[in-house]
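Chain residues, written in single-letter form:
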Amino acid sequence: MKRKILGIFIVTLLIATILPITGTVIAGSEEDPEVEDRIFDVKLFGIFVFPLQIHFKYADVVSTWFYENSDNPDYLYVSLKIRDLDAKTDDLEAIYDVDWSYLNNCYICCVHNNPNGYGPFVIGKSTDEDDNYEDWALCDGTFDVENNIITWEVPKTAIGDPLIGHKLTSISPHTHLRFRDDSDLPHMDLFKDLYWNAKTVRDYLIQC
């Protein structure tokens, strides 16, 4: 009986190893994100606790996760969940960012949202780690208001062509609320949700 069970177990492992897996989504997920942030923590200038958090749900980071799809291995998917995402803002401009490091370079996914709506989705690169991103490129993305999730579809060629097994480190989601770019008011961040007090932060391992 024991030999029979052992034989079945071995055959099952062989089948799982040999058969191709089609369209598999790999790694991070909403249930198991790379970054889990604390909520109700949007701060004035990113420093001072602000009591009326209900007015800033659209800037409150919940989590961030990276994943890949074996049917589309040339892309990295970066998802950012917000507590209550709006299709467009009422007044201030919202900026949604996720950045990370790879081989001494910094990369960032970004999209803006204002009373005119959201977009475009962009990916930036910095080579000197000074938070000034010099190289920008457009990418595809989705702004899922129903599920409060923003996702960037990032070509791996735009982020250093990371290889299988390589790590993306220092993953940090953050949001910024400021006066609109087309206003005459100072272009400065009034409210921020930064990653400093995140519950968990871990690296992402390239899977395909």
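Computed from a prediction, not measured in an experiment: that's the story for all the values here.

### Some details on the overall build of the chain
Step number 1: Check the secondary structure of the chain and you find one helix and 16 strands.
Step number 2: Here the chain, with 208 residues, has 43% of them falling under the buried criterion.
Step number 3: Just so you have it, the chain exposes about 11700 Å², and 57% of that area is on carbon and sulfur atoms.

### Overview of the packing of aromatic side chains
Step number 1: Under the defined criterion, the tally for this structure stands at 10 aromatic pairs.
Step number 2: The rings of Tyr 96, Tyr 118, Phe 121, Phe 143 and Trp 152 are connected pair by pair, giving a single aromatic cluster.

### Details of the side chain of Gln 53
Step number 1: Relative to the elements of secondary structure, Gln 53 occurs in the loop between strand 4 (48–49) and strand 5 (61–69).
Step number 2: Aside from chain neighbours lying at most four places away, what touches Gln 53 is Phe 40, Asp 41, Val 42 and Arg 83.

### So, a nonpolar patch on the surface
Step number 1: A contiguous nonpolar patch, built from Phe 45, Ile 47, Phe 48 and Met 188 and spanning about 400 Å² of accessible area, is present on the exposed surface.
Step number 2: For Phe 48, the position within the fold is in strand 4.
Step number 3: Phe 48 sits in the partly exposed class, given a relative accessible area of 49%.

### Quick notes on the pattern of salt bridges
Step number 1: By the definition in use, this model includes eight salt bridges.
Step number 2: Arg 178 serves as the salt-bridge partner of Asp 189, at 2.7 Å between the closest nitrogen and oxygen. One end of the pair, Asp 189, is in strand 14 (residues 189–193); the other, Arg 178, is in strand 13 (residues 167–178), and 11 residues separate them in sequence.
Step number 3: One network of salt bridges, in which partners are shared, links Asp 32, Glu 34 and Arg 202.

### Looking at the environment of Asn 114
Step number 1: Structurally, Asn 114 can be placed in strand 8 (residues 105–114).
Step number 2: Considered as a pair, Asn 114 and Leu 177 are 63 residues apart in the sequence and their alpha carbons are 9.8 Å apart.
Step number 3: What Asn 114 contacts, discounting residues up to four positions off in sequence, is Lys 88, Thr 89, Leu 92 and Glu 93.
Step number 4: Looking at Asn 114, its side chain comes within polar contact range of the main-chain nitrogen of Asn 116, at 2.8 Å.

### What about unusual backbone geometry?
Step number 1: For the bond from Gly 119 to Pro 120, the omega torsion is -5°, close enough to zero to count as cis.
Step number 2: Assignment of secondary structure puts Pro 120 in strand 9 (residues 117–126).
Step number 3: Even without a glycine there, the phi angle at Leu 103 is positive, about 50°.
Step number 4: The topology assignment puts Leu 103 in the loop between strand 7 (93–102) and strand 8.
Step number 5: Residue classification places Leu 103 among the exposed positions, given a relative accessible area of 58%.

### Here's the deal with the nonpolar core
Step number 1: By size, the foremost hydrophobic cluster in this structure holds 37 residues, and its most contacted members are Phe 66, Val 78, Tyr 96, Trp 100 and Trp 152.
Step number 2: At the level of elements, strand 5, strand 6 (75–82), strand 7, strand 8, strand 9, strand 12 (149–155), strand 13 and strand 14 are the ones that each hand at least two residues to this core.
Step number 3: Counting residues per element, this core draws most heavily on strand 7, which supplies five residues.

### Considering the environment of Tyr 102
Step number 1: Locating Tyr 102 in the fold gives a position in strand 7.
Step number 2: Along the sequence, Tyr 102 and Ser 170 sit 68 residues apart, while their C-alpha atoms lie 8.8 Å from each other.
Step number 3: For Tyr 102, the residues in contact, after removing those within four places along its chain, are Tyr 107, Ile 159, Gly 160, Asp 161, Pro 162, Leu 163, His 166, Lys 167 and Leu 168.
Step number 4: A distance of 2.6 Å separates polar atoms of two side chains, one belonging to Tyr 102 and the other to His 166.

### Considering the pairing of strand 5
Regular strands place their side chains on alternate faces of the sheet.
Step number 1: The element strand 5 is largely enclosed, with a buried count of eight among its nine residues.
Step number 2: The sheet contact formed by strand 5 and strand 6 spans six bridges and is antiparallel. In the sheet register, Tyr 67 faces strand 6, and the bridge partner there is Tyr 77.
Step number 3: Joining the antiparallel neighbours strand 5 and strand 6 is a turn of five residues.

Cut-offs used in this document
- Residues numbered from 1 in each chain as written.
- Predicted model: local features only at pLDDT ≥ 70, side-chain atom pairs only at ≥ 80, totals over all residues.
- Heavy atoms only, no water.
- Helix = DSSP H or I, 4+ residues; strand = E, 2+ residues; numbered from the N terminus.
- Buried < 20%, exposed > 50% of the residue type's maximum accessible area, 1.4 Å probe, protein only.
- Areas by Shrake-Rupley, 256 points an atom, 1.4 Å probe, with all protein chains shown as cover.
- Phe/Tyr/Trp six-rings, centres within 6.5 Å; stacked < 30°, edge-to-face > 60°.
- Contact = heavy atoms within 4.5 Å.
- Patch = residues over 30% accessible without salt bridge, like charges linked within 9 Å, V, L, I, M, F, W, Y side chains within 5 Å.
- Salt bridge = Lys/Arg side-chain N within 4 Å of Asp/Glu carboxyl O.
- Polar contact = N/O pair within 3.5 Å; in protein donor to acceptor, adjacent residues only side chain to side chain.
- Core = buried A, V, L, I, M, F, W, Y, C linked by side-chain atoms within 4.5 Å.
- Pairing = 2+ DSSP bridges.

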